[in-house]
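Results of the structural survey
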Amino acid sequence: MKTELKQYTVREVAKGFVYNEFEGKGLYGLDGDLVIQPEFQRHYLYGDGKKDVAVIDSLLKGYPLGLIYFVDTGDTSGPHLEVLDGQQRITSVGRFVTGKFAIVRNGKEQLFSSLDPALQDKIMDSTLLVYVCTGTEAEIKEWFQTINIVGIPLNQQELRNAIYSGPFVTAAKAEFSNSQNANQQKWSAFVKGDPKRQEVLEEALDWIASSKGQTIDGYMASHRQDTGIGELKTYFTSVIDWIDSVFTAPPDKAMRGLDWGALYEKHHKTAYKADEVAEVVQRLLDDPAVRRKRGIYAYVLGGQTEPQLLDVRIFEDGVKRAAYAAQTKAAQAKGVSNCSACAMGHGDKATYIHTAKEMDADHVTAWSKGGKSDLANCEMLCIFHNRSKGNA
């Protein structure tokens with residue numbers, strides 16, 4: 001890959017700047033010769049009133065913005081330059097000079113148009129140092145993964161979007177990475193992540209790739225040149241609709257970020273009664289003994305057979321001490337073991353008095369059948385017999 005160091009002024013780069021407010025990205029600069037956010041780039045992240053303002057503040061103080069990298073694609077039919085690294089900074093500058101946000105000067109908010117002309121010129125005449133790179137696609141993408149000047153490290157999906165850029169990534173980002181998509185609010189009840197950081201897209205890809213026994217990389221590679229995302233969109237929608245049909249109550253925060261793709265694959269062919277599911281889920285959400293609320297949904301979908309998913313709090317230490325003392329006192333009075341299972345046996349064990357460390361608490365009426373974790377429902381058994389009993 002070849003590189004050539006060039007200098008551009010902000011005035012040159014911002015000429016013809018176009019910003020898509022709906023998609024949250026800068027599109028063009030350099031009077032139409034520069035694509036600011038090509039397919040492999042992530043969405044604009046600096047529009048938080050802090051990072052974007054800091055970029056402008058740096059220019060006003062005369063600080064350099066750091067090296068920027070362009071790629072010369074050699075295209076003669078349209079824009080021939082693409083931003084390889086620096087799109088967050090360029091977009092921040094372009095948005096400011098076109099009046100998209102304000103900064104605070106001397107205690108007052110100022111748009112670019114309201115700044116003193118001398119300050120306007122200082123910004124517009126600021127020099128940007130740009131390496132213009134030429135090379136093969138593989139070389140460009142490898143370099144893109146290596147550089148990290150912006151200050152916000154690329155995550156895995158952002159890197160994948162760069163590696164497998166093409167019509168499929170473009171269409172997938174338009175659907176899953178657009179924070180203005182009306183479906184994002186619904187999806188956010190079940191999918192955890194920032195669409196602008198490609199985390200919703202990553203989840204959608206993970207669901208369908210896993211269903212086919214593939215990795216996300218494998219799936220993206222095999223569909224890279226697809227012009228549509230019908231399969232991806234249909235599968236994702238099927239999972240979301242299935243969740244809605246099984247769990248009809250308003251979503252609880254514990255549902256967000258679960259591996260719904262795996263749960264769908266395992267259980268979507270099972271019939272459920274929505275009202276009964278809602279009742280059980282609410283009871284478990286309200287039960288203070290259930291310490292892992294996120295496990296409720298897999299537990300219910302699996303037929304309520306794996307209470308370990310819930311990390312149920314068995315008994316408080318005070319309850320166990322009280323139960324041990326009462327049982328031991330009663331057993332000594334009768335001359336039998338303080339473990340009721342041992343007392344039913346023969347030999348020395350039938351009269352053996354276990355220490356508290358040799359015993360564990362057990363529900364008289366199983367927790368899974370509605371038994372409470374209180375003193376009235378607590379029985380101390382020796383560890384051997386307690387484990388032998390299981391969850392019955």
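Attention here is on the structure that accompanies the text. The shown structure was predicted, so the numbers you read here are calculated from the model rather than taken from an experiment.

1. Side note on helix α4 (residues 117–124)
- Every buried residue of α4 is accounted for by Q120, I123 and M124. Down the axis of α4, the smallest arc covering the buried residues is 95°, so these residues share one side.
- Residues of α4 that are buried sit in contact with β1 (2–9), α1 (10–14), α2 (51–60) and α3 (87–97).
- For α4, the capping residue at the N-terminal end is D116, with a side-chain oxygen 2.8 Å from the backbone nitrogen of A118.

2. Topic: the packing of aromatic side chains
- Inspection of the entire model under this criterion finds 15 aromatic pairs.
- On the basis of an interplanar angle of 65° and a centroid distance of 6.1 Å, the ring pair of F168 and Y219 is categorised as edge-to-face. Residue F168 is found in helix α7 (residues 167–176), and its partner Y219 is found in helix α10 (residues 216–222); the two are separated by 51 residues along the sequence.
- For F168, a relative accessible area of 2% gives the class buried.

3. Points about the packing of α2 against α4
- Where α2 contacts α4, the two axes come as close as 8 Å, and the packing angle between them is 100°. Between α2 and α4, the angle falls in the class roughly perpendicular. The residues of α4 that touch α2, namely those facing I56, L59 and L60, are L119, K122 and I123.
- Its residues assigned to classes, the contact of α2 with α4 shows five nonpolar, no polar and one charged.

What counts and how
- Residues numbered from 1 in each chain as written.
- Predicted model: local features only at pLDDT ≥ 70, side-chain atom pairs only at ≥ 80, totals over all residues.
- Heavy atoms only, no water.
- Buried < 20%, exposed > 50% of the residue type's maximum accessible area, 1.4 Å probe, protein only.
- Helix = DSSP H or I, 4+ residues; strand = E, 2+ residues; numbered from the N terminus.
- Arc of directions from axis to C-beta.
- Contact = heavy atoms within 4.5 Å.
- Polar contact = N/O pair within 3.5 Å; in protein donor to acceptor, adjacent residues only side chain to side chain.
- Phe/Tyr/Trp six-rings, centres within 6.5 Å; stacked < 30°, edge-to-face > 60°.
- Axes fitted to C-alpha atoms, helices over the stretch in contact; angles between N-to-C directions.
- Parallel < 35°, antiparallel > 145°, perpendicular 65-115°, else oblique.
- Nonpolar A, V, L, I, M, F, W, Y, C, P; charged D, E, K, R; others polar.

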